[in-house]
Amino acid sequence: MKALNELTIVEAGKRLRLPSQQEGAITVRNLWDACSTVAKEKNEKLNAYLEIFEADTVAIASAQKRITDGEMNPLCGIPLAIKDNLLIEGKIASAASKMLEKYVATYDATVIKKLKKAGALFIGRTNMDEFAMGSSTEHSAFGATKNPIDTTRVPGGSSGGSATAVAADMCIAALGSDTGGSIRQPASHTGIIGMKPTYGAVSRSGLIALGSSLDQVGPLTKSVEDAELLLSVIAGVDSLDATTIAPNLFPKREVPTKLCIGVPHHLITQDGVDGEVRRVFSETLKKLTEAGHTLVDITLPLSPYALAAYYIILPAELSTNLSRLDGIRYGNAVRGETLLDDYLLSRTEGFGTETRRRILLGTYILSAGYIDAYYRKGNTARSVLRKEYNEVFEKCDVVAFPTVPAPAFKFGEKTDNPLAMYLEDMFTVTANLTGMPAVSIPMGTVEKEGKQLPIGIHFTAPHQAESVLFAAAGAVEKLSA
Ligand code: GLN
């Protein structure tokens, strides 16, 4: 039998509801203790959590009472890990930055409010790349997180702490945020499921902003069913986030029993995609056709521009979002001789190298004279990408890629070469630019230096077609069942 910390949300929910004398019955406290103990044990080595919370006995007792009284919400009593850029009232939310090292949240993010209402429990706040910029969790001000499958390698990023916490069974499931792939990419590198919802499906209120037109909060889980459940609890229109959308804003898509999967072969054969990743991807597609699904060859001629557009739009947005962290209004405050010194010292000490690099880039992009040359062109690319995808979805239900061009890399391999790090995002950024939902699900492993490293297959679906997306993820999950 699985250890309690290894259970999925659905499995734990079933066992929490067994009559107390029956074999397999567990209590909320048992489940909490199992997750919390393993989290503390493993964290010394993995650094998945920046903080592991003490047991909230009131919340545990209340979740237990609700279950005993017949509460059916699947999240009730479930211990979750929360990325350090989501506000939990009374807890630090540092976005893994020195800038916010001492910031204590004064309110709950909407997703946290919803989870608390459902009776969920929080094990701790997870490590990440500073302000969610990065693909390896090496840009955290508090040390990198290690990949539990091979600790000489990165877990991916920026939600590397959340992904490791789930993959190493240091919680039952987790929340991350995804601006250009930060849920899906670490999910791929650690062998779990990571999902970015349609832009506007989940409220961003209480999420420390990176790129406001790209950010979405989403689930990292051990099963597709869990991802669907967790999303159903956190999604919904919110008066605190004007970009949240009604459930029927986009045309409803039927979920076909046999899917038509669009494959842009011309992108997958390009330079930079690992040969082994390509092989596992082709094998997975073949197995899907054997299971009755069909493949259609598609072309996305504008896709190669997505990464460039992303690395224009994102720095522009983050440079304005982070401008409030100046040591005067918010954030780390260092005092110098003059007001200018105050700004310079506070920001230089508070922000890490990658954050400073991107603030500079964003400020440059938005300055008079360059805004037309860069920012507006980036936005145009964004509209044409959306159009290109909408046309492709006339022919297929989902579009498939490998999530990342190669498996998890070694620590330090890309830290001195930002462009190499940015290339990690070549397949994931388009879903953020178009606002479409996307998921990464494990498709197998590739061998590197004698270790089997997990890799994911990535699906994108039309706006609000999350159910189609989960059907595709479920089809892949079934292959290994
Ligand atoms: N790796 C991407 C970046 O560095 C994505 C980040 C994210 O999704 N938060 O910007």
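Residues numbered from 1 in each chain as written. Predicted model: local features only at pLDDT ≥ 70, side-chain atom pairs only at ≥ 80, totals over all residues. Heavy atoms only, no water.

Engineer: Give me the pairing of strand E6 (residues 216-221): which residues, what numbers.
Structural biologist: When you tally the buried positions in E6, you get six out of six residues, the bulk of the element. Both strand E4 (residues 173-178) and E6 contribute to a ladder of five bridges, which runs antiparallel. Paired with Ala174 across the strands is Leu220, a residue of E6. Here strand E5 (residues 193-196) pairs with E6 via two bridges, running antiparallel. The residue of E6 that forms the bridge with Ile193 is Thr221. (Buried < 20%, exposed > 50% of the residue type's maximum accessible area, 1.4 Å probe, protein only. Helix = DSSP H or I, 4+ residues; strand = E, 2+ residues; numbered from the N terminus. Pairing = 2+ DSSP bridges.)

Engineer: Report on the site of the ligand, specifying residues and quantitative values.
Structural biologist: Lining the immediate environment of the ligand, one finds 16 residues, of which Thr179, Gly180, Ser182, Tyr310 and Arg358 sit closest. Between the ligand and Ser135 there is a distance of 2.9 Å, counted from a nitrogen atom to a side-chain nitrogen or oxygen. In the environment of the ligand, an oxygen atom lies 3.2 Å from a nitrogen or oxygen atom belonging to the backbone of Gly181. For the ligand, the protein covers 100% of the area, taking 290 Å² as the surface of the free molecule. (Near = heavy atom within 4 Å. Polar contact = N/O pair within 3.5 Å; in protein donor to acceptor, adjacent residues only side chain to side chain. Areas by Shrake-Rupley, 256 points an atom, 1.4 Å probe, with all protein chains shown as cover.)

Engineer: Please set out the packing of helix H7 (residues 224-234) against helix H16 (residues 466-479) residue by residue, giving values where relevant.
Structural biologist: Relative placement of two packed helices is described by the angle separating their axes and the distance separating the axes. Viewed as axis vectors pointing N to C, H7 and H16 meet at an angle of 160°, and their least axial separation amounts to 9 Å. By the angle between their directions, the pair H7 and H16 is classed as roughly antiparallel. Residues Val224, Ala227, Glu228 and Leu231 of H7 pack against Glu466, Phe470, Ala473, Gly474 and Glu477 of H16. In terms of residue class, the contact of H7 with H16 is made up of five nonpolar, one polar and three charged. (Axes fitted to C-alpha atoms, helices over the stretch in contact; angles between N-to-C directions. Parallel < 35°, antiparallel > 145°, perpendicular 65-115°, else oblique. Contact = heavy atoms within 4.5 Å. Nonpolar A, V, L, I, M, F, W, Y, C, P; charged D, E, K, R; others polar.)

Engineer: Quick rundown of H16? Include the residues and the values.
Structural biologist: With 14 residues, H16 extends 20 Å between its outermost C-alpha atoms, agreeing within 8% with the 20 Å of an ideal straight helix rising 1.5 Å per residue. Listed in full, the buried residues belonging to H16 are Glu466, Val468, Leu469, Phe470, Ala472, Ala473, Ala475 and Val476. Structurally, H16 contributes buried residues whose contacts are with E5, H7, helix H9 (275-290), strand E9 (398-402), strand E10 (438-448) and strand E11 (451-460). (Expected span 1.5 Å × (residues − 1).)

Engineer: Describe in detail the packing of aromatic side chains, supporting the description with residues and values.
Structural biologist: Given two aromatic rings, one states the distance between the centres and the angle between the planes to describe the pair. A complete count under the given rule lists eight aromatic pairs for this structure. A ring pair is formed by Tyr364 and Tyr374, whose centres lie 6.2 Å apart and whose planes are at 45°; its orientation type is tilted. Residue Tyr364 is located in helix H12 (residues 353-366), and its partner Tyr374 is located in helix H13 (residues 371-392); the two are separated by ten residues in the primary sequence. Members of the aromatic cluster, each reached through a chain of ring pairs, are Tyr310, Tyr311 and Tyr422. When the ring centre of Phe53 is taken as origin, the NZ or CZ atom of Lys91, which lies over that ring, is 4.4 Å away. Sitting over the face of the ring of Phe409, Lys414 holds its NZ or CZ atom 4.7 Å from the ring centroid. (Phe/Tyr/Trp six-rings, centres within 6.5 Å; stacked < 30°, edge-to-face > 60°. Lys NZ or Arg CZ within 6 Å of the ring centre and 35° of its normal.)

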